[in-house]
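If you want the building blocks of each chain, they are given just below.
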Amino acid sequence: MKKSYSTLVNKKDIQSIAIGGFDGMHIAHQKLFENLDENGAIVTIESGFSNLTPKRFRQEYTNLPIYYYVLDNIKYLEGKEFIKLIKEEFPNLKKIVVGFDFCFGKNRKYCVEDLKELFNGEVIVIEEIKNNDIAIHSRYIRDFIKNGDIKKANEFLGKKYKIVGSQIKGQGLGKSDFVPTINLQIEDFLLPKEGVYITKTKIKNDIYNSVTFIGNRVSTDGSYAVETHILKDDIQTTYNKVEIEFLNRIRDNKKFDNFKDLKEQIILDIKEAKEFFN
Ligand SMILES: Cc1cc2nc3c(=O)[nH]c(=O)nc-3n(C[C@H](O)[C@H](O)[C@H](O)COP(=O)(O)O)c2cc1C
Ligand SMILES: Nc1ncnc2c1ncn2[C@@H]1O[C@H](COP(=O)(O)OP(=O)(O)OP(=O)(O)O)[C@@H](O)[C@H]1O
């Protein structure tokens, strides 16, 4: 099994693991982690499609060490081979925690009953965790985000949906014709539906109330942009890392016939965001 990330914890010390994809580190994932003991670890099988909590950001949502394995390297294994590798990786493993729908190995033909049979230790299977009768899964959270339903996404995540990017140069119009904005380049993260959102923006150790526009600037140059206006301060410098937390959605992206109308709308958006924070 090829590990693609290393932590400082010695794998010989690990006695319990939770296994899965864990994109989002959502409420149900956290329930699995609660069943790990102090010598526990998270074993993440990377499919390459993680865009809620891309791999390099996942560790911030847990104190447990995370070990990453590439799905393509292990998906052809028979059940016995999978367990053998797990035991080679974690020689003192006593407990495995998975969800009710966990399957593994060749054609995903091995599931929880096989795991119980093949692993000579404790296997804890967590029943399906729901939020108001709807099952919590990363795929549903992705749908909420794509539809702009940030409140639902946050409810299912158990935290605010966050993207991380770096500042890039904008058109230079914001400051002169509208309001100053930080233009962002975002990689790896799933972007919410086009529109205007109430957000918090974190730069270094400071957190600012903000409004964020996502979408094609159909009223100006037409290009796709993610840009944030900080409600309080005029942020001047270029920062490498900017984090945006989504709290609520204000409206859809819209084409305005002139800059005056767009500016008036932006002022209304800012007013709505300020009221939200008050
Ligand atoms: C709160 C807010 C709402 C916005 N709404 C729209 C919009 O509905 N339609 C649009 O085409 N552009 C919208 N924009 C983007 C502006 O067109 C953009 O800020 C302007 O073109 C300046 O871009 P620049 O920062 O690259 O100079 C919005 C920007 C902000 C900050
Ligand atoms: N709602 C849930 N209730 C209980 N266990 C869950 C739930 N969702 C996921 N799990 C378990 O968490 C682990 C990680 O699963 P996985 O990464 O597939 O999460 P997911 O949210 O179901 O993702 P996806 O929607 O992409 O399938 C697995 O062991 C899985 O069985």
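Residues numbered from 1 in each chain as written. Chains lettered and ligands numbered in written order. Predicted model: local features only at pLDDT ≥ 70, side-chain atom pairs only at ≥ 80, totals over all residues.

By the naming in an unreviewed UniProt entry, the chain is Riboflavin biosynthesis protein, taken from Malaciobacter molluscorum LMG 25693. Regarding the chain, the relevant UniProt record gives this comment under Sequence similarities (unreviewed entry): "Belongs to the ribF family." Quoted verbatim from the Function (unreviewed entry) field of UniProt, the annotation for the chain is "Catalyzes the phosphorylation of riboflavin to FMN followed by the adenylation of FMN to FAD." (UniProt positions renumbered as here; feature names shortened; annotations may be inferred.)

Draft legend 1. Structural detail: the overall build of the chain. Looking only at helices and strands, the chain features 8 helices and 15 strands. Overall size of the chain, expressed as C-alpha extent along the three principal axes, is 70 × 40 × 35 Å. Taken across its 278 residues, the chain has 31% of its residues classed as buried. A separation threshold of at least 6 residues defines the contact pool for the chain, and within that pool the share at least 24 residues apart is 68%. (Helix = DSSP H or I, 4+ residues; strand = E, 2+ residues; numbered from the N terminus. Buried ≥ 20, exposed ≤ 12 C-beta atoms within 10 Å, placed from the backbone. Contact = placed C-beta atoms within 7 Å.)

Draft legend 2. Examining the domain arrangement of the chain more closely. We note that the domain assignment places domain 1 (11-130) and domain 2 (161-277) within the chain. Taking the mean C-alpha position of each, domain 1 and domain 2 sit 37 Å from one another. Contacts between the two partners involve 4 residues from domain 1, matched on the other side by 4 residues from domain 2. (Domains from an automatic or database assignment.)

Draft legend 3. Spatial organisation of the site of ligand 2. Near ligand 2 there are 20 residues, and of these Gly20, Gly21, Ala28, Gly99 and His137 occur at the shortest range. Put simply, the parts of the chain that give the shell around ligand 2 at least two residues each are β1 (16-20), α1 (27-34), β4 (95-99) and α5 (138-146). In terms of residues, the shell around ligand 2 owes the most to one element, α1, which gives 3 residues. Looking at the shell around ligand 2 residue by residue, the classes come out as 11 nonpolar, 6 polar and 3 charged. (Near = placed C-beta within 6 Å. Nonpolar A, V, L, I, M, F, W, Y, C, P; charged D, E, K, R; others polar.)

Draft legend 4. Just the sheet that holds β4, in detail. In spatial order, the strands read β3-β2-β1-β4-β7; together these 5 strands make up an open sheet with parallel pairing. The sheet is open, and its two edges are formed by β3 (66-70) and β7 (122-126), each paired on a single side. Taking each pair of neighbouring strands and ignoring which way they run, the sheet shows an average axis angle of 25 degrees. Note: β1 against β4, 3 bridges, orientation parallel. The residue of β4 that forms the bridge with Ser16 is Lys95. (Pairing = 2+ DSSP bridges. Axes fitted to C-alpha atoms, helices over the stretch in contact; angles between N-to-C directions.)

Draft legend 5. Molecular detail of α1. Those residues of α1 that fall on the buried side of the exposure criterion are Ala28, His29 and Leu32. Taken around the axis of α1, the buried residues stretch over an arc of 105 degrees, which confines them to a single face. Packing partners of the buried residues in α1 comprise β1, β4 and β7. (Arc of directions from axis to C-beta.)

Draft legend 6. The packing of α5 against helix α6 (residues 150-157), seen in detail. Viewed as axis vectors pointing N to C, α5 and α6 meet at an angle of 155 degrees, and their least axial separation amounts to 7 Å. Classified by the angle their axes make, α5 and α6 are roughly antiparallel. Considering how the two elements wind past one another, α5 and α6 form a crossing that is left-handed. Contacts between α5 and α6 involve Tyr140, Ile141, Phe144 and Ile145 on the former and, on the latter, Lys152, Ala153, Phe156 and Leu157. (Parallel < 35°, antiparallel > 145°, perpendicular 65-115°, else oblique. Left-handed = near helix turned anticlockwise from the far one by under 90°.)

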